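The primary structure of each chain is shown beneath.
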Amino acid sequence: MEIGVKEIELIVQQVIQNMDRGASPDPLKSSGGKGNLGVFELVDDAVAAAHEAQRIYVEKFQLSDRNRIINAIREVCSEQVTTLARMVWEETSYGRYEDKLIKHRLIIEKTPGPECLKTEAITGDNGLMLEEPAPFGVIGAITPVTNPTETIINNTISMLSGGNSVVFNVHPASKNCCAYCVQLLNKTIVENGGPENLVTMVKNPTMDTVGQISGNPKVRLMVGTGGMGMVNALLRSGKKVIGAGAGNPPVIVDETADIHRAAEQIYMGASFDNNILCFAEKEIFVMEQVADELIQGMKAQGAYLLDAAQMEKIRDLVLTFDGTYHANKKWVGQDAGKMLREIGVTNAGNVRLLIIDADNMNPFVSVEQLMPVLPIVRCKTLDEAIERAVAAEGGNRHTASMFSKDVNHMTKFAKKIETTIFVKNSATLAGLGYQGEGHSTMTIAGPTGEGITCATSFTRKRRCVLSDGGFRII
Ligand code: NAD
């Protein structure tokens, strides 16, 4: 076997690191033999291993090591992207395989690494002040079934860039693809000279294991990505929490908009991965003078307009009713064409999106259904559209968008809706860097305010002061 320059460099780095570690017999190992490449039966073992790994990571590894490890994670995940996307799709049955490829690539390429950590320095007559972004330590992270491995890769890049380790509690319906991903990450980290078990998970995650992770004193920060029930449960845990909760993003299309672009972008965003993304377009409020043009434009893109009787059949199929409407889990993330076939429409072809000419009371407006079914509500005035959009968003303050050429209209809506992401004249995917500027994340922390999370979000500021006028050159 031939050994390349890169491999030789790695071997030398590992030898030097091992010499540096002195007395400890094998400090890279922190599982006590209990885990399988980061996957543990018991929460306490997963936390203990991640705790030991993090201690080694901060004591023995430098920023250049973090960079090397993060780059290797990007490389390996890129190589494995088809495997990961297929595993997620097969295990969860949600969404579309081809869109999962895009999601994985987006977060592999656009989740920032350690370069986003910024030190602040101030000098004055009294000397020097430094504030640096330091790790929390062990982070407990809850992941959703809608973006399982995407969230694991994104959180791992961000959290390890910040010097932390992480224990995942994944959604049970995605535990196999997540275990594969965690093992892949650990293997990559160790092969690139890092400690084992920087990334761990509980093999059989439950609600109880969430409580065990948040209750473990070694866990310094909880990060929850998912529905509001989970985020609120974490907020009651008494621990520091970064919460990324539900959305129900409204879109307003006004009479000044480029309607062709609006139809094209809304169709693309609302049908992407069968609308399981929390930040995808969920309901449209359109000025009545351009409503027909928008609906025609969306049909031209490929959307299927349900008539009243079909809408009722789809509603009864994909929503449940117990006094209020809820998404029927069986239909979350399923293909629009499959829904049509189920109600007897067999000649519609490969449909990606169903649209409804809806009134504002239609349950598809207010329920975050995570399905490719999009209600379009006609409005007489901008104020009416804004009022309805704010109500439909439900106070989540997550994502909204507007198609308009009138800056005052866009400003008015943005101020009223107060969402973490506000996109103008594009699919909301642009808000996370897909055909838009800025970095990406799978953890949009609206409720607790960190926003589009990155490594900085998972660090705590620490100050170091050199007093008595020292270290100045002026
Ligand atoms: P979910 O809330 O059902 O589950 C999310 C995770 O929390 C899972 O791991 C689950 O096992 C756990 N969980 C659920 N209820 C819990 C409770 N009471 N206590 C402790 N843990 C609990 O959500 P999901 O179906 O996996 O994902 C879809 C939801 O997540 C949607 O509401 C979507 O908007 C939201 N989401 C938000 C973001 C974001 O960045 N803000 C990203 C993705 C998904």
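See the structure above.
> Any details on the nonpolar core? Residues and values, ideally.
Ranked by size, the top nonpolar core spans 63 residues in total, and within it Val253, Leu294 and Met298 carry the most contacts. Sorting elements by how many residues they give to this core places helix H10 (residues 259-271) first, with six residues. The residues contacting Leu294, other than those within four sequence positions of it, are Val253, Ile259, Ala262, Ala263, Ile284, Val286 and Ile376. If you look at the next biggest cluster of nonpolar residues, it comprises 44 residues, including Val88, Leu198, Val199 and Ala445.

> Explain the site of the ligand to me, and be specific about the residues and the numbers.
In the region of the ligand, 27 residues are neighbours, and Val145, Gly227, Gly245, Glu368 and Ile444 sit closest. Val145 is positioned with one of its backbone polar atoms (N or O) 2.8 Å from an oxygen atom of the ligand. Between Gly226 and the ligand, the recorded distance is 3.4 Å, taken from a backbone N or O atom to an oxygen atom. The fraction of the free accessible surface of the ligand (830 Å²) that becomes covered by protein chains is 86%. Of the residues assigned to the shell around the ligand, the class counts are 14 nonpolar, 12 polar and one charged.

> Could you give an account of the packing of helix H4 (residues 81-92) against helix H6 (residues 148-161), with specific residues and numbers?
Angle between the axes and distance between the axes are the two parameters that describe a pair of packed helices. Remark: H4 packs on H6, axes separated minimally by 9 Å, with the N-to-C direction vectors making an angle of 135 degrees. Between H4 and H6, the angle falls in the class oblique. Judged by residue contacts, Leu84, Val88 and Thr92 of H4 engage Pro148, Thr149 and Ile153 from H6. In terms of residue class, the contact of H4 with H6 is built from four nonpolar, two polar and no charged.

> Residue-level account of the pattern of salt bridges, with values.
Within the structure shown, the criterion is met by 22 salt bridges. Between Arg397 and Glu418 there is a salt bridge, with the nearest N and O atoms lying 3.9 Å from each other. Placement of Arg397 in the loop between helix H15 (382-393) and strand S16 (399-403) and of Glu418 in the loop between helix H16 (407-417) and strand S17 (421-424) is noted, with a sequence separation of 21 residues between them. Taking relative accessible area as the criterion, Arg397 reaches 43% and is therefore assigned partly exposed. Assessed through its relative accessible area of 48%, Glu418 is described here as partly exposed. Three or more residues joined by partner-sharing salt bridges are found here, namely Arg96, Glu98, Asp99, Asp335 and Arg352.

> Describe the pairing of strand S9 (residues 250-253), and please don't skip the residues or the numbers.
Of the two faces of S9, the one carrying Pro250 and Ile252 and the one carrying Val251 and Val253 are both buried. Bridge count for S9 against strand S10 (residues 283-287) is four bridges, and the pairing is parallel. By the bridge assignment, Val253 is partnered in S10 with Val286. In this fold, S9 hands off to H10, which returns the chain to S10; that crossover is right-handed. As defined by bridge partners, S9 adjoins S16 across three bridges and the pair is classed as parallel. Bridge pairing in S16 places Val253 opposite Phe403.

> Let's hear about helix H12 (residues 308-318): which residues, and what values?
Every buried residue of H12 is accounted for by Gln310, Met311, Ile314, Arg315, Leu317 and Val318. Along H12, the residues classed as buried sweep out an arc of 165 degrees about the axis, all on the same side. In H12, the exposed positions that point more than 90 degrees away from the buried face belong to Ala308 and Asp316. Capping of H12 at its N-terminal end is provided by Asp307; its side-chain oxygen lies 3.2 Å from the backbone amide nitrogen of Ala309.

Reading the values: rules and limits
Residues numbered from 1 in each chain as written. Predicted model: local features only at pLDDT ≥ 70, side-chain atom pairs only at ≥ 80, totals over all residues. Heavy atoms only, no water. Core = buried A, V, L, I, M, F, W, Y, C linked by side-chain atoms within 4.5 Å. Buried < 20%, exposed > 50% of the residue type's maximum accessible area, 1.4 Å probe, protein only. Helix = DSSP H or I, 4+ residues; strand = E, 2+ residues; numbered from the N terminus. Contact = heavy atoms within 4.5 Å. Near = heavy atom within 4 Å. Polar contact = N/O pair within 3.5 Å; in protein donor to acceptor, adjacent residues only side chain to side chain. Areas by Shrake-Rupley, 256 points an atom, 1.4 Å probe, with all protein chains shown as cover. Nonpolar A, V, L, I, M, F, W, Y, C, P; charged D, E, K, R; others polar. Axes fitted to C-alpha atoms, helices over the stretch in contact; angles between N-to-C directions. Parallel < 35°, antiparallel > 145°, perpendicular 65-115°, else oblique. Salt bridge = Lys/Arg side-chain N within 4 Å of Asp/Glu carboxyl O. Pairing = 2+ DSSP bridges. Right-handed = clockwise from strand over helix to strand, strands pointing away. Arc of directions from axis to C-beta.

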